[in-house]
Structures are given as structure tokens and as C-alpha cells.
Amino acid sequence: MTDAGELRRRTQELLAAHPPAETERLDFLRARFDAGLAWVHYPQGLGGLGAPRSLQTVVDAELEAAGAPDNDPRRIGIGLGMAAPTILKYGTEEQKRRFLRPLWTGEEVWCQLFSEPGAGSDLAALGTRAVREGDGWLVNGQKVWTSSAHLARWAILIARTDPDVPKHQGITYFVCDMTDPGVEVRPLRQITGEAEFNEVFLTGVRIPDAHRLGEVGDGWRVAQTTLNNERVAIGGMRLPREGGMIGPVSRTWRERPELRTPDLHQRLLGLWVEAEVARFTGERLRQQLTVGQPGPEGAGMKLAFARLNQEISGLEVELRGEEGLLYDDWTMRRPELVDFTGRDAGYRYLRSKGNSIEGGTSEVLLNIVAERVLGLPAEPRTDKDVAWKDLAR
């Protein structure tokens, strides 16, 4: 089994053969992937060495010390955190070799075509249709809240392939080419002024059957891998102490003593402690990932992430008083990533409102925690055995 010493040796060999200061960024990333040092727990030939996931930090530390470039993970987070683990688990060997390398190097950006205007919280009620046509599928429908669709080369897509069975059973999972002429991406401007989200209209989009992930009609099970990893990616990201939202408000507290009040002090202390608890819980969750797939615990982390961001950003606006009501720039733009800490308090306050919606609403996640973590009785359901076409809309 590959151990820490072996990984250090392989990393030093990579650095010797491709000195970061003398190697083009993309060439270095490709060489790192081919050396099995991209994600060490992946199989050989797919960017890994079949090593324990916990040893990734050994490689990352060596490369960081040498000034090696990273793959800009925030920009390609959907590909890394959602598409890749789903492709690894359900993809064919051909699909894995085609998609994983350019996904990891950032040459190809991915987006997620799941949510729909009429099927948000109830994702399984989606109505986008995929109809078999020869050796492929013809897809028509609309998706919404699609981050990075304006940048994406590929999308993970779930569509209804059988309307005559209950909603969870008639879904199939695909990889969609975002350059297809039938794909139309429209910006969806948010309360922040930006359009980081998009609407995506699919009109006569042809997807080859070779781009199907999993079996026909088994898309809901495949999607659970994506959704579980999505919640971990959103709520369980690795942060240093005072990383994330708690950082800016803590700095303001230290640098602006004239803004302090006893009440704000008590509230800040409480939120600081909660942010630390969430940070350590996230670390424990990542350790659990080293021995298996993410479970429903990710839903709890994502819940905490949303609540904390909204409470902390609200406290920051209140702490700053009149300054907190200012907003730096309402210009309509389509950013490559969300930068919570790089802009002002007003932006953080408004953008955090979306945290309890994106990646699964807090209401749905509360149900998941109640039923799958706490073992409470499930809510009564009247649609489990009803064909999708017969559901009320």
C-alpha cells in the first residue's frame, strides 16, 4: 500500500521533472494527474494511486511548499465535488478516462442541470423529458439555478425517461454537452446584482446513449451520490480558524473598537464558537469520508453552513451601522466564482440568503436529518405509488 513516504518521493519526482517555476501551469497539472497525485484515493490511471484518502494532505503540503499551481478548485467546484465522484462510481471506463482528467485540470468546467421551475424542493417531480431515439436520447425541458452554466463545457443532467412509473423510478442520469445548439443559457440576475446563476433551456438536445451514467430509470439513485457530495462540498469545506464569514466580522471587531457594544460582543462570541464547532465537525466529516461515501451527515453540515452565514452576515451589517447599508457595486456581471470574503458586508448579507436554498433547501435537509440521521418517522406520502404522469401539477 502507498504510504506517506512513498507519496513524498513521488511528489518530489514530479517537482524535479516539472519544476513549477519553469513549467506552464496546465502542463504541470496534467503531469500531476498522470502521476496519480491529483486525488490519491482514485484508481491508478484516473489521477490517483488507490491510496488512503487521508494521505492527500501529504501531497498537497509538498506541492504548496514548492510553489506549485493548484487547479483553482473554487472555479471548478461542481466538477470536482459533484460530477467526479458520480462519474467514478457509475461511469464506464471509457467515460472515466474521457472526463476525469480535463475536469480535474480545469480545462473543462462542469455545471449541474437538476433543479427546475416546477420541481425545486421536490426534485424527483422534474419534468424535463428524454426520449429514446436510435442510439441516443432527445431532451427537451428547462433547468434553473444553474451555477457556472455560462462557463461550462459539460453538465450533469437528470431527465424523465418514463412518465408511466412513480416519479423516483422514471429518471435517468446523463452527461450533457453544453455546446449543443439546442442548449440556451440565460443569465438569472440575483439580489446581489450579479448573475452567477442561470436558466438553461434544452430544445431538441441530442445526447448519445454513451453519455448515460447508470442504468435507464436508475437516475435517482445515481443522483443521490451527486447530492450527498454536493452537501459536503458546500457545508464541509476545509477552512482555517476564522475562515469564511466569521473572519471579516472578527477583523472589524478588533479594528473598530468604537463600534462595539456589550450585546454585539455576546452575539459575536456565540457565533465565533459555533463557527469553530462547525469547522471541527467538518474536519470529522472529512475523516469519515476516508473510509466510505458521504452520508446524510452532509445535510447537517450544509444546514449549519447556511444558518451561520446568514446570522454572521446579519451581525456584521448591524455592527457596521450606517456603513453596513452601503453596497459597493450593483453592476450586472457573470462571475466565475462566488467570493464571500472579497467584497463588502452588504454583498455578504444579500448573497448568504441563497445559502438556505442552493444545494437543497433547509426545509428538505431538515427532513433528511430527521429521517436518516435521527431515525424519526417519515412524513406521510401519497405519491409514492402514483405514476408521474398522474400527479397533480
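Note that the structure is predicted; figures quoted are calculated from it, not measured. (Residues numbered from 1 in each chain as written. Predicted model: local features only at pLDDT ≥ 70, side-chain atom pairs only at ≥ 80, totals over all residues. Heavy atoms only, no water.)

*Asks:* Any chance you could explain the environment of threonine 161 here in plain terms?
*Replies:* Along the polypeptide, threonine 161 turns up in the loop between strand S4 (154–160) and strand S5 (171–177). Between the alpha carbons of threonine 161 and aspartate 390 there is a distance of 15 Å; along the sequence they are 229 residues apart. In terms of polar contacts, threonine 161 uses its side chain to reach the side chain of threonine 172, at 2.7 Å. (Helix = DSSP H or I, 4+ residues; strand = E, 2+ residues; numbered from the N terminus. Polar contact = N/O pair within 3.5 Å; in protein donor to acceptor, adjacent residues only side chain to side chain.)

*Asks:* Help me understand the packing of helix H4 (residues 77–90) against helix H5 (residues 93–105) in this model?
*Replies:* A pair of packed helices is characterised by two quantities: the angle between their axes and the separation of those axes. Look at H4 against H5: their axes get within 10 Å of each other, and the N-to-C directions meet at 165°. Taken together, the axes of H4 and H5 are roughly antiparallel relative to one another. The hand of the H4/H5 crossing is left-handed. Residue-level inspection shows Gly79, Leu80, Ala83, Ala84, Ile87, Leu88 and Tyr90 of H4 in contact with H5, the latter providing Gln95, Lys96, Phe99, Leu100, Leu103 and Trp104. Residues belonging to the contact of H4 with H5 are distributed by class as follows: 10 nonpolar, two polar and one charged. (Axes fitted to C-alpha atoms, helices over the stretch in contact; angles between N-to-C directions. Parallel < 35°, antiparallel > 145°, perpendicular 65-115°, else oblique. Left-handed = near helix turned anticlockwise from the far one by under 90°. Contact = heavy atoms within 4.5 Å. Nonpolar A, V, L, I, M, F, W, Y, C, P; charged D, E, K, R; others polar.)

*Asks:* Would you mind going over the nonpolar core with me for this structure?
*Replies:* Note on soluble globular proteins: their nonpolar side chains tend to be buried together. Residues Trp39, Leu100, Trp110, Phe114, Ile158 and Tyr173 are the most contacted members of the largest nonpolar core, which totals 36 residues. When residues of this core are traced back to their parent elements, those giving at least two are helix H2 (25–34), H4, H5, S4, S5 and helix H6 (219–235). Among all residues touching tryptophan 110, those that are not within four sequence positions of it are Ile78, Gly79, Ala83, Ile87, Phe99, Leu103, Ser148, Ala152, Trp154, Ala155, Ile156 and Val175. In this structure, Val139, Ala152, Leu157 and Cys176 belong to the second largest nonpolar core, which totals 18 residues. (Core = buried A, V, L, I, M, F, W, Y, C linked by side-chain atoms within 4.5 Å. Buried < 20%, exposed > 50% of the residue type's maximum accessible area, 1.4 Å probe, protein only.)

*Asks:* What am I meant to see in unusual backbone geometry here?
*Replies:* With the exception of glycine, the majority of residues adopt a negative phi angle, and the majority of peptide bonds are in the trans configuration. Of note in the backbone geometry, aspartate 72 takes a positive phi value of approximately 55° without being a glycine. The residue aspartate 72 is located in the loop between helix H3 (56–65) and H4 in this model. Classification of aspartate 72 as partly exposed rests on a relative accessible area of 28%. Unusually for a residue other than glycine, tryptophan 145 sits at a positive phi of about 60°. Looking at the secondary structure, you find tryptophan 145 in the loop between strand S3 (136–143) and S4. What makes tryptophan 145 partly exposed here is its relative accessible area of 48%.

*Asks:* Where do I start with H3 in this structure?
*Replies:* Residues spaced three or four apart along an α-helix point in a common direction, a consequence of the helix completing one turn every 3.6 residues. Buried within H3 are the following residues: Gln56, Val58, Val59 and Leu63. Viewed along the axis of H3, the buried residues span an arc of 165°, placing them on a single side of the element. Turned more than 90 degrees from where H3 packs its buried face, Glu64 and Ala65 sit exposed. If you follow the buried residues of H3, they end up packed against helix H1 (4–17) and H2. Glycine 67 sits one or two residues past H3 and shows a positive phi near 75°. (Arc of directions from axis to C-beta.)

*Asks:* Please clarify how the packing of aromatic side chains should be interpreted in this entry.
*Replies:* Note on aromatic pairs: each is described by the distance of the centres and the angle between the planes. Counted by the stated rule, this structure contains nine aromatic pairs. Centre to centre, the rings of tryptophan 145 and phenylalanine 197 are 5.9 Å apart; their planes meet at 80°, and the pair counts as edge-to-face. With tryptophan 145 in the loop between S3 and S4 and phenylalanine 197 in strand S7 (residues 197–208), this pair connects stretches of sequence that are 52 residues apart. Aromatic ring contacts, followed pair by pair, group Phe99, Trp110 and Trp154 into a single cluster. The ring of tryptophan 154 is capped by arginine 153, whose NZ or CZ atom sits 4.2 Å from the centre of that ring. One Lys or Arg, arginine 279, reaches over the ring of phenylalanine 280 and ends 4.7 Å from the middle of that ring. (Phe/Tyr/Trp six-rings, centres within 6.5 Å; stacked < 30°, edge-to-face > 60°. Lys NZ or Arg CZ within 6 Å of the ring centre and 35° of its normal.)

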